[in-house]
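# Chains, contacts and geometry: an overview
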Amino acid sequence: QVQLVESGGGLVQPGGSLRLSCATSGSVFRSYVMGWYRQAPGKQRELVASIAGRTSNYADAVKGRFAISRDNAKNTVYLQMNSLKPEDTAVYYCNAYKYLSGTEYNYWGQGTQVTVSS
């Protein structure tokens, strides 16, 4: 069973910063695309950022403000969120994804709440 353990959410004022962390096992970390998604109330879950090897991708809404990174020694992926806006308020989920020989492997963390409010 793949486990993704998230931490780092909370309440922050507009313009502030937070860093989310997602820890998993070494086998998952090396062979999966790691990503962060978010889901705001009444909205669909959406991709925020992903990283595969040294290649990262971002949603247009967070480009220039968020940064995804990975620490291979700790099997942990991070999401540094700067210049936060109220519209960034959502539950953020860590994701591990792999497609291999016709089979998708898709795992989710439990989610961590991020609230941006004054």
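Quick note: structure is the one above.
Please read all numbers here as calculations on a predicted model, not as lab measurements.

## Looking at the overall build of the protein
Along the protein, the regular secondary structure elements total one helix and 11 strands. In the protein, the succession of helices and strands from N to C terminus is β-β-β-α-β-β-β-β-β-β-β-β. If one aligns the C-alpha atoms of the protein with their principal axes, the spans along those axes are about 45 × 30 × 25 Å. For the protein, with 118 residues in total, the buried portion stands at 39%. In the protein, once contacts between residues fewer than 6 apart in sequence are set aside, the share between residues at least 24 apart is 54%. Of the accessible surface of the protein, which amounts to about 6,500 Å², a share of 46% is contributed by carbon and sulfur atoms. When the 12 basic and 7 acidic side-chain charges of the protein are each reduced to a single mean position, those positions are 6 Å apart.

## Side note on the nonpolar core
Counting residues in hydrophobic clusters, the biggest one holds 28 residues, and the most contacted among them are Met-34, Trp-36, Val-77, Leu-79, Met-81 and Tyr-92. Of all the elements in the fold, those that place two or more residues in this core are β3 (18-23), α1 (26-31), β4 (33-39), β5 (46-52), β7 (66-71), β8 (76-81), β9 (90-100) and β11 (112-116). The dominant element in this core, judged by the number of residues it contributes, is β9, at four residues.

## Regarding the pairing of strand β6 (residues 55-58)
As defined by bridge partners, β5 adjoins β6 across four bridges and the pair is classed as antiparallel. By the bridge assignment for β6, Ile-51 is matched with Ser-56. The turn linking β5 back onto β6 is made up of two residues, and Gly-53 within it adopts a positive phi angle of 60°.

## Considering the environment of Ile-51
Relative to the assigned elements, Ile-51 resides in strand β5. For the pair formed by Ile-51 and Ser-27, sequence separation is 24 residues and the distance between their alpha carbons is 16 Å. Once you skip the residues sitting within four places of it in the chain, Ile-51 turns out to touch Val-33, Met-34, Ser-56, Ile-68, Ser-69, Arg-70 and Val-77.

## Overview of the side chain of Asn-75
Locating Asn-75 in the fold gives a position in the loop between β7 and β8. The exposure class assigned to Asn-75 is buried, which follows from its relative accessible area of 18%. Setting aside anything within four residues of it in sequence, one finds Asn-75 in contact with Cys-22, Ala-23, Thr-24, Ser-25, Gly-26 and Phe-29.

## Structural notes on the pairing of β11
Side chains Thr-112, Val-114 and Val-116 project from β11 onto a buried face, and the interleaved Gln-113 and Thr-115 project onto a face without burial. Here strand β2 (residues 10-12) pairs with β11 via three bridges, running parallel. Bridging across to β11, Leu-11 finds its partner in Thr-115.

## What about the packing of aromatic side chains?
Applying the stated rule across the entire model yields three aromatic pairs. Each ring, one from Tyr-37 and one from Trp-108, has its centre 4.9 Å from the other, and the planes form 70°; the classification is edge-to-face. Taken together, the positions of Tyr-37 in strand β4 and Trp-108 in strand β10 (residues 103-108) put the pair 71 residues apart, joining distant regions of the chain. A relative accessible area of 23% places Tyr-37 in the partly exposed class. Under the relative-accessibility criterion, Trp-108 is labelled partly exposed at 34%. By way of ring pairs, the aromatic residues Tyr-37, Tyr-93 and Trp-108 are connected into one cluster. Just above the ring of Trp-108 sits the side chain of Arg-45; from NZ or CZ to the centre is 4.5 Å. Across the ring face of Tyr-105, the terminal group of Lys-98 is positioned such that the distance to the ring centre comes to 5.4 Å.

Definitions and limits used
- Residues numbered from 1 in each chain as written.
- Predicted model: local features only at pLDDT ≥ 70, side-chain atom pairs only at ≥ 80, totals over all residues.
- Heavy atoms only, no water.
- Helix = DSSP H or I, 4+ residues; strand = E, 2+ residues; numbered from the N terminus.
- Buried < 20%, exposed > 50% of the residue type's maximum accessible area, 1.4 Å probe, protein only.
- Contact = heavy atoms within 4.5 Å.
- Areas by Shrake-Rupley, 256 points an atom, 1.4 Å probe, with all protein chains shown as cover.
- Lys, Arg positive; Asp, Glu negative; His and termini not counted.
- Charge placed at Lys NZ, Arg CZ, Asp CG, Glu CD.
- Core = buried A, V, L, I, M, F, W, Y, C linked by side-chain atoms within 4.5 Å.
- Pairing = 2+ DSSP bridges.
- Phe/Tyr/Trp six-rings, centres within 6.5 Å; stacked < 30°, edge-to-face > 60°.
- Lys NZ or Arg CZ within 6 Å of the ring centre and 35° of its normal.

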